[in-house]
Amino acid sequence: SSGQPVDDITIKIITNTPPMPEGYFLIQAYDFGPEGTVFSSALKMSIKYDLSQIPEDQQPVIAYYDETAGEWTFLIGEVDTEAGIITFSISHFSIYALMGQSAIPDEDVKSFSPWVWIVIGFFDLLCIVLITGSLIRRRAASVKIGPRF
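Procedures and definitions
- Residues numbered from 1 in each chain as written.
- Predicted model: local features only at pLDDT ≥ 70, side-chain atom pairs only at ≥ 80, totals over all residues.
- Heavy atoms only, no water.
- Helix = DSSP H or I, 4+ residues; strand = E, 2+ residues; numbered from the N terminus.
- Buried < 20%, exposed > 50% of the residue type's maximum accessible area, 1.4 Å probe, protein only.
- Contact = heavy atoms within 4.5 Å.
- Patch = residues over 30% accessible without salt bridge, like charges linked within 9 Å, V, L, I, M, F, W, Y side chains within 5 Å.
- Areas by Shrake-Rupley, 256 points an atom, 1.4 Å probe, with all protein chains shown as cover.
- Salt bridge = Lys/Arg side-chain N within 4 Å of Asp/Glu carboxyl O.
- Pairing = 2+ DSSP bridges.
- Axes fitted to C-alpha atoms, helices over the stretch in contact; angles between N-to-C directions.
- Polar contact = N/O pair within 3.5 Å; in protein donor to acceptor, adjacent residues only side chain to side chain.

1. Considerations on the environment of Y30
Okay, step 1: Tracing the backbone through its elements, the reader meets Y30 in strand β2 (residues 24–33).
Okay, step 2: Here Y30 falls in the buried class, since its relative accessible area comes to 12%.
Okay, step 3: Spatially, the C-alpha atom of Y30 lies 9.8 Å from that of T10, the residues being 20 residues apart in sequence.
Okay, step 4: Setting aside residues no more than four positions away along its own chain, Y30 makes contact with I11, K12, I13, I14, I47, K48, S94, I95 and Y96.

Below is the structure:
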């Protein structure tokens with residue numbers, strides 16, 4: 001943070017992390033240091049993960065913990081699901097966590113009332129009738145009837 005080059009880099013696997021955001025679970029967390037290190041340009045970082053820790057239909061996400069805001073900030077990463085590697089850019093050292101999304105319990109999944117589908121169907125039908133009527137009127141207006149020779 002003083003603008004001086006960093007001589008030693010530390011990478012610690014940690015289990016005592018700030019709570020994960022709602023709907024996410026921890027796969028692995030890393031504390032990169034020295035704390036407070038900021039880079040003049042972003043670095044690419046790649047982390048290998050165990051494919052068995054992520055459901056087949058999901059991809060892991062990466063986030064760092066922003067101590068000032070007291071929350072996790074998600075990063076955009078490229079995921080190689082066959083090799084189990086996530087690659088992302090970092091601009092500073094912090095706590096980084098590889099996370100998976102928790103499944104939504106069945107009782108929390110809300111279904112639409114049948115009335116919603118009836119209203120949507122009626123709206124679709126109304127749109128079709130209006131569009132068809134408009135096309136028929138335009139077609140009728142473009143036909144000219146005149147004397148035949």
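Having seen the model, we can carry on.
2. Description of unusual backbone geometry
Okay, step 1: Put simply, G33 and P34 share a cis peptide bond, and its omega is 20°.
Okay, step 2: For P34, the position within the fold is in the loop between β2 and β3 (38–48).

3. As for a nonpolar patch on the surface
Okay, step 1: On the surface, V6, I9 and I11 cluster together into a nonpolar patch covering about 280 Å² of accessible area.
Okay, step 2: With respect to the helices, strands and loops of the structure, I11 is situated in strand β1 (residues 10–14).
Okay, step 3: When its relative accessible area of 54% is taken as the criterion, I11 is described as exposed.

4. So, the environment of L98
Okay, step 1: Looking at the element boundaries, L98 is found in strand β8 (residues 95–101).
Okay, step 2: Among the residues examined, L98 registers a relative accessible area of 0% and is labelled buried.
Okay, step 3: Expressed as a C-alpha distance, the spacing of L98 and Y30, which sit 68 residues apart in the sequence, is 8.6 Å.
Okay, step 4: Excluding its chain neighbours within four sequence positions, the residues that come into contact with L98 are F25, L26, I27, Q28, I47, Y49, P60, V61, I62 and I86.

5. Focus: the sheet that holds strand β4 (residues 61–66)
Okay, step 1: Overall, antiparallel pairing links the five strands, which are arranged β1-β2-β8-β4-β5 in an open sheet. The two strands at the open ends of the sheet, each matched to only one other strand, are β1 and β5 (71–75). In this sheet, adjacent strand axes meet at a mean angle of 30° when their direction is disregarded.
Okay, step 2: Inspection of the sheet shows β4 paired to β8 by four bridges, in the antiparallel sense.

6. Describing the side chain of T37
Okay, step 1: With respect to the helices and strands, the residue T37 is situated in the loop between β2 and β3.
Okay, step 2: Judged by relative accessible area, which is 5%, T37 ranks as buried.
Okay, step 3: At a separation of 2.7 Å, a polar atom in the side chain of T37 contacts the main-chain carbonyl oxygen of P34.

Keep in mind these numbers describe shape, not what the thing actually does.
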